[in-house]
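Structural characterization, general
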Amino acid sequence: MKEYVKLIDGLPLIVRIILALPGIDGIVYGLYRIAKGRLIIGLLWIFLGFAILWIIDLVTIILNGKVTFLT
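Anyway, here's the lowdown on the structure attached to this text. (Residues numbered from 1 in each chain as written. Predicted model: local features only at pLDDT ≥ 70, side-chain atom pairs only at ≥ 80, totals over all residues. Heavy atoms only, no water.)

1. Details of the environment of Ile 41
Tracing the backbone through its elements, the reader meets Ile 41 in helix H4 (residues 39-64). Given a relative accessible area of 22%, Ile 41 falls into the partly exposed group. Not counting the four nearest positions on each side in its chain, Ile 41 is found in contact with Arg 33 and Leu 70. (Helix = DSSP H or I, 4+ residues; strand = E, 2+ residues; numbered from the N terminus. Buried < 20%, exposed > 50% of the residue type's maximum accessible area, 1.4 Å probe, protein only. Contact = heavy atoms within 4.5 Å.)

In structure tokens, the structure reads:
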């Protein structure tokens, strides 16, 4: 799982932004949160990320360059 976190953290900014778009965000960043040890948050993100929570990831990636909310 640490390799997955390294992979996501090492991606270019534009790719991380694309991965934060609706539909993709729930899976990619849900697994990212699970890999970082946040099982409950990760599972919630998988189920709710595609509908609502992707906006939070998109904003934090644009402002900070990485996912920072609940990781």
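2. Overview of the packing of helix H3 (residues 24-35) against H4
For any two helices packed against each other, one specifies the inter-axial angle together with the distance between the axes. Running from N to C, H3 and H4 cross one another at 115 degrees; their axes reach a closest spacing of 7 Å. What the angle tells us is that H3 and H4 run roughly perpendicular. As H3 packs across H4, the resulting crossing turns out to be right-handed. Where H3 abuts H4, its residues Asp 25, Gly 26, Tyr 29, Gly 30, Leu 31, Arg 33 and Ile 34 lie against Leu 39, Ile 41, Gly 42, Leu 43, Trp 45, Ile 46, Gly 49, Phe 50, Leu 53, Trp 54, Asp 57 and Ile 61. Here the contact of H3 with H4 is built from residues that sort into twelve nonpolar, four polar and three charged. (Axes fitted to C-alpha atoms, helices over the stretch in contact; angles between N-to-C directions. Parallel < 35°, antiparallel > 145°, perpendicular 65-115°, else oblique. Left-handed = near helix turned anticlockwise from the far one by under 90°. Nonpolar A, V, L, I, M, F, W, Y, C, P; charged D, E, K, R; others polar.)

3. A short note on a nonpolar patch on the surface
A cluster of nonpolar side chains, Leu 39, Ile 40, Leu 43, Leu 44, Phe 47 and Leu 48, forms an exposed patch at the surface whose accessible area comes to about 600 Å². Summarising the element assignment, Ile 40 is placed in helix H4. Owing to a relative accessible area of 59%, Ile 40 belongs among the exposed residues under this scheme. (Patch = residues over 30% accessible without salt bridge, like charges linked within 9 Å, V, L, I, M, F, W, Y side chains within 5 Å. Areas by Shrake-Rupley, 256 points an atom, 1.4 Å probe, with all protein chains shown as cover. Salt bridge = Lys/Arg side-chain N within 4 Å of Asp/Glu carboxyl O.)

4. As for the nonpolar core
Ranked by internal contacts, the top residues of the largest apolar core, which has 13 residues, are Ile 8, Leu 19, Tyr 29 and Tyr 32. When residues of this core are traced back to their parent elements, those giving at least two are helix H1 (2-9), H3 and H4. Broken down by element, the residue count for this core peaks at four residues, all from H3. In contact with Leu 19, other than residues within four places in its own chain, are Ile 8, Leu 11, Ile 24, Asp 25, Val 28 and Tyr 29. (Core = buried A, V, L, I, M, F, W, Y, C linked by side-chain atoms within 4.5 Å.)

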